[in-house]
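Letter by letter, the chains look like this.
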Amino acid sequence: MPGLLSWPLVWRPGAQPDPLAPAALVTLAPRLRDCGLPAEVAILLPNQDGCRTLLATLASTPPPPGSAAGLFLADPFLRVAPTAATLRAAGIAAIANLPSAGQHDPELAQQLADVHLDSAREAERLAAFKAAGLRILAVVCDGEAAYALAAADPDLVLVLPKVGDFAAGFPSLRQRGAAAQAVRAALAEAGWQGPLLLLADRTEADHPRLWPQCVQGVVCRPVALDA
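Because the structure is a prediction, the values reported are computed rather than measured. Sequence order as written defines residue numbering, which begins from 1 separately in each chain. Predicted model: local features are reported for residues with pLDDT of at least 70 only, side-chain atom pairs are reported and counted for 80 or more only, and whole-chain, interface and lining totals are derived from all residues. As a rule here, side-chain values come from all non-hydrogen atoms in the structure, and water together with hydrogens is ignored.

*Asks:* I tried to follow the packing of aromatic side chains on my own but got confused; where do I start?
*Replies:* Within 6.5 Å between ring centres, the rings of Phe, Tyr and Trp (the latter by its six-membered ring) count as paired, and their orientation is classed by plane angle as stacked under 30 degrees, edge-to-face over 60, tilted in between. Scanning the model with the defined rule gives one aromatic pair in all. On the numbers, 6.1 Å between centres and 40 degrees between planes, the contact of Phe166 with Phe170 is tilted.

Put into structure tokens, the structure is as follows:
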């Protein structure tokens, strides 16, 4: 059975998050991953298994309580109602659009948008899962995607770097913070004021005074989830 990755959430002291907020995200672990390729990028490779494999893995090996499932919501074969039922049976009450089509660089992202495998489809699916009774975490990489996904009224928003941002290694906190500020501005313009999260490494997660003021918490870089 394929392995899973865990992306733990850490909140800013005194942020008083919603008690129903997930404690971590879980996604499929990359297959045939090169040791120099970040997991955040590897989960986008075309050799990855899809939502069906993730659902089967979660059904056979339920993740820790409080986990949210990361699904590729632009998948045209994904059916919301049976997927929501499978997730509930595995003890999962929240989902995220992770991996996201928005992580790709502009050229590939435009090709995906041309066939409606983009943030607009992800927003539609997020809204459908929310209507089905699940909580939703929207993953965005820039202000444009944030504005589009705000229409789904997510419970949380996570700012994730694009693929190209990893070219020289893990993006700096300054670079990620600037992206978070742009996303916060776009969300405010769209009328959304909920908790904003930022991708961080474990050391940064332990020092919230370093976080940009516009975020209420961080999601730690993924690690393998022990069976």
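*Asks:* Explanation requested: the pairing of strand S2 (residues 24-28) in the structure shown.
*Replies:* As a general feature of sheets, a regular strand has side chains that alternate between the two faces. Buried means the residue's accessible area, taken with a 1.4 Å probe over protein chains only, is under 20% of the maximum for its type, while exposed means over 50%, and partly exposed covers the values in between. Helical segments are the DSSP runs of H or I of at least four residues, strand segments are the runs of E of at least two, and each set is numbered from the N terminus. Across the five residues that make up S2, a large majority, five, are buried. The pairing of strand S1 (residues 4-11) with S2 spans five bridges and is classified as antiparallel. Of the residues in S2, the one forming a bridge with Ser6 is Val26. Should DSSP find at least two bridges between two strands, the strands are taken to pair.

*Asks:* What is the right way to look at the nonpolar core in this model?
*Replies:* Across soluble globular proteins, nonpolar side chains show a tendency to be buried alongside one another. By size, the foremost hydrophobic cluster in this structure holds 46 residues, and its most contacted members are Leu58, Leu87, Ile95, Phe129 and Leu196. Contact definition: two residues touch when any of their heavy atoms are within 4.5 Å. Those residues within four positions of Phe129 in sequence are excluded, and the remaining contacts are Leu71, Leu73, Leu78, Val80, Thr83, Ala84, Ile95, Leu134 and Ile136. As used here, the term nonpolar core means buried Ala, Val, Leu, Ile, Met, Phe, Trp, Tyr and Cys residues forming a set that is joined through side-chain atoms within 4.5 Å. Counting 23 residues, the second largest nonpolar core, distinct from the first, contains Leu9, Ala68, Ala96 and Leu98.

*Asks:* Just to check I follow, could you spell out the pattern of salt bridges for this structure?
*Replies:* Any two side chains of opposite charge can pair, given that their charged atoms come close. Any carboxyl oxygen of Asp or Glu within 4 Å of a side-chain nitrogen of Lys or Arg constitutes a salt bridge here. Applying the stated criterion to the full structure yields seven salt bridges. Arg135 serves as the salt-bridge partner of Asp155, at 3.7 Å between the closest nitrogen and oxygen. Of the two residues, Asp155 sits in the loop between helix H6 (143-149) and strand S6 (156-159) while Arg135 sits in strand S5 (residues 135-140), which places them 20 residues apart along the sequence. What makes Asp155 partly exposed here is its relative accessible area of 21%. The residue Arg202 makes a salt bridge to Asp206 at a minimum N-O spacing of 3.4 Å. The network of salt bridges with shared partners includes Lys130, Arg135, Asp153 and Asp155.

*Asks:* So what exactly am I meant to see when it comes to helix H7 (residues 173-189) here?
*Replies:* For an α-helix, the turn length of 3.6 residues means that residues three or four places apart are oriented alike. Each residue after the first adds 1.5 Å to the expected span of a helix. Compared with the 24 Å implied by 1.5 Å per residue over 17 residues, the 24 Å span of H7 between its first and last C-alpha is a close match. Listing the buried residues of H7 in full gives Arg176, Gly177, Ala180, Val183, Arg184, Ala186 and Leu187. Summarising the contacts, the buried residues of H7 are in contact with S5, H6, S6, strand S7 (196-200) and helix H8 (202-205). Looking one or two places after H7, you find Gly191, whose phi comes out positive at around 85 degrees.

*Asks:* Looking at this structure, how should I read the pairing of S5?
*Replies:* Burial of S5 is extensive: five of the six residues sit out of reach of the surface. Here strand S4 (residues 94-97) runs beside S5; their pairing, made up of three bridges, is parallel. Counted as the bridge partner of Ile95 is Ile136 from S5. A crossover links S5 with its parallel partner S6, the connecting element being H6, and its sense is right-handed. We call a crossover right-handed when, viewed with the strands running away from us, the connection from the first strand over the helix to the second turns clockwise.

*Asks:* Help me understand helix H2 (residues 51-60) in this model?
*Replies:* Among the residues making up H2, those that are buried are Cys51, Leu54, Leu55, Thr57 and Leu58. The buried residues of H2 occupy an angular sector of 160 degrees when the element is viewed end-on, so they sit on one face. Facing away from the buried side of H2 by more than 90 degrees, the exposed set consists of Arg52 and Ala59. In this structure, the buried residues of H2 make contact with S1, S2, strand S3 (67-71) and helix H3 (80-89). The reported arc concerns the directions from the helix axis to the C-beta atoms and nothing else.

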